[in-house]
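# Examining the three-dimensional arrangement
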Amino acid sequence: MDIRNVGTPITASQRRSYRETPDSSFYAAYQAAFQAQQGKGRDATTADEARALADVLGTTHRELSAMRGVSTESQATYASVLNKAYSAGGLGNARQFLATLSALEMDAVRQNHCLAGPIDTASLSEEGAANLLLPEGYSVDLNRDGIDEVGAARTAHFPPRDAPDAFKEAWFQATAGMDEGSMMTYGLMMHDAVYGMQIDGQSQGSRYAVDSLDSYRQIISDYLASLEANKGFLADGQYARDKDFFTRLQALLAAAR
């Protein structure tokens, strides 16, 4: 249950900046993995439990849980919540399902998605509720605005889930080995160009066809032209860094089909 690009497996940093929409086989595969984990018995060590949870929740979820200090017990409770939701068709009405959870279960949902405050199911959108019932690494964008609502939070990820595979491959190649901060900065720049700036929860400015390779080629071409026009006004080193990155990405896309 790990996210991979078309070619070489993507890095941990790249996985953490990307979200995949669960396909039709996701829920059955999750339940099968959960049942296999349950069958390991009570003699399993903590390390065994952690590996089993990685098999169930996915590597991205486990990595982020480790970074956030989420306990194995909380992850196990969350994994059980997801199994119950998928077994009962809970994603058909995620808000209603969340309202049936115990306080312990709801707090596990909160911890596993790193939410600051208690979850108020009555105030959630259906998208915000549905994404609480998906492990990190997966999400849905029901209104297709480029923003994932997770509980009351609004998050952005890049590349878009609907982007052509050829663009994703080029992006992952261009950002391979890049530090996470720089990759997130370039990802946000591209996200804003594709979807428009988000102001008070609404997209402002032009939107490109997310599923068209030509959209990304045009955005990169426009940015490189702007970089040349504003070269004298940029911070030290920015021109060279940005030109190097976007030129490499442009070359990768020029070869893509």
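Residues numbered from 1 in each chain as written. Predicted model: local features only at pLDDT ≥ 70, side-chain atom pairs only at ≥ 80, totals over all residues. Heavy atoms only, no water.

Within the protein, the secondary structure is distributed over 12 helices and 4 strands. Residues counted as buried form 45% of the 257 residues belonging to the protein. Partitioning the contacts of the protein with sequence separation of at least 6, the portion at a separation of at least 24 is 62%. Here the protein has roughly 12,800 Å² of accessible surface; of this, 51% comes from carbon and sulfur atoms. (Helix = DSSP H or I, 4+ residues; strand = E, 2+ residues; numbered from the N terminus. Buried < 20%, exposed > 50% of the residue type's maximum accessible area, 1.4 Å probe, protein only. Contact = heavy atoms within 4.5 Å. Areas by Shrake-Rupley, 256 points an atom, 1.4 Å probe, with all protein chains shown as cover.)

Before going further, it helps to examine the packing of helix H4 (residues 59–68) against helix H5 (residues 72–87). The packing of two helices is summarised by the inter-axis angle and the distance between the axes. Orientation of H4 relative to H5, taken along the N-to-C sense of each, is 145 degrees, at an axis distance of 11 Å. In the crossing of H4 with H5, the sense of the turn from one axis to the other is right-handed. Residues His 61, Arg 62 and Ser 65 of H4 lie in contact with H5, whose contacting residues are Thr 72, Gln 75 and Tyr 78. (Axes fitted to C-alpha atoms, helices over the stretch in contact; angles between N-to-C directions. Left-handed = near helix turned anticlockwise from the far one by under 90°.)

With that settled, the discussion passes to unusual backbone geometry. Omega for the bond connecting Phe 158 with Pro 159 falls within 30 degrees of zero, at 5 degrees, which places this linkage in the cis form. On the secondary structure map, Pro 159 appears in the loop between strand E2 (153–155) and helix H9 (165–175). Located in the positive-phi region is Cys 114, a residue other than glycine, with phi close to 55 degrees. You can call Cys 114 partly exposed: its relative accessible area is 48%. Although it is not a glycine, Arg 144 adopts a positive phi angle of roughly 55 degrees. Secondary-structure assignment places Arg 144 in the loop between helix H8 (126–132) and strand E1 (148–150). On the basis of relative accessible area, Arg 144 is assigned to the exposed category, the value being 55%.

Between H9 and helix H10 (residues 180–195), the least distance of the axes is 11 Å, while the angle of their chain directions is 145 degrees. As H9 runs across H10, the sense of the crossing is right-handed. Contacts from Phe 167, Trp 171 and Thr 175 in H9 reach Met 183, Tyr 186, Gly 187 and Met 190 in H10. Partitioning the contact of H9 with H10 into residue classes produces 5 nonpolar, 2 polar and no charged. (Nonpolar A, V, L, I, M, F, W, Y, C, P; charged D, E, K, R; others polar.)

Take the nonpolar core next. Counting 31 residues, the largest nonpolar core has Tyr 30, Leu 57, Leu 98, Leu 132 and Leu 133 as the members making the most contacts within it. Looking at this core, the elements with two or more residues in it are helix H2 (26–38), helix H3 (46–57), H5, helix H6 (94–98), helix H7 (103–112) and H8. Sort the elements by how many residues they give to this core and H5 lands first, with 6 residues. Leaving out residues up to four positions away in the same chain, Leu 98 has contacts with Met 106, Thr 121, Leu 124, Ala 129, Leu 132 and Leu 133. Core analysis: the next-biggest nonpolar cluster, separate from the first, contains 28 residues, Phe 167, Leu 227, Phe 245 and Phe 246 among them. (Core = buried A, V, L, I, M, F, W, Y, C linked by side-chain atoms within 4.5 Å.)

Under the defined criterion, the tally for this structure stands at 16 aromatic pairs. Consider the rings of Phe 26 and Tyr 30, whose centres lie 6.4 Å apart with planes at 35 degrees: the pair is tilted. Of this pair, Phe 26 and Tyr 30 both sit in helix H2, separated by 4 residues, roughly a single helical turn. For Phe 26, a relative accessible area of 5% corresponds to the buried category. For Tyr 30, a relative accessible area of 0% gives the class buried. Ring plane angle 80 degrees and centroid distance 5.1 Å describe the contact between Tyr 30 and Tyr 86, whose orientation is recorded as edge-to-face. Of this pair, Tyr 30 sits in helix H2 while Tyr 86 sits in helix H5; the two residues are 56 residues apart in sequence, bridging distant segments of the chain. Taken together, the aromatic side chains of Phe 158, Phe 167, Trp 171, Tyr 186, Tyr 216, Tyr 223, Phe 245 and Phe 246 make up a single cluster linked through ring pairs. For Lys 231, the ring lying beneath its charged end belongs to Tyr 239, and the centroid distance is 4.5 Å. (Phe/Tyr/Trp six-rings, centres within 6.5 Å; stacked < 30°, edge-to-face > 60°. Lys NZ or Arg CZ within 6 Å of the ring centre and 35° of its normal.)

Note that all results are geometric; they support no functional claim without further evidence.
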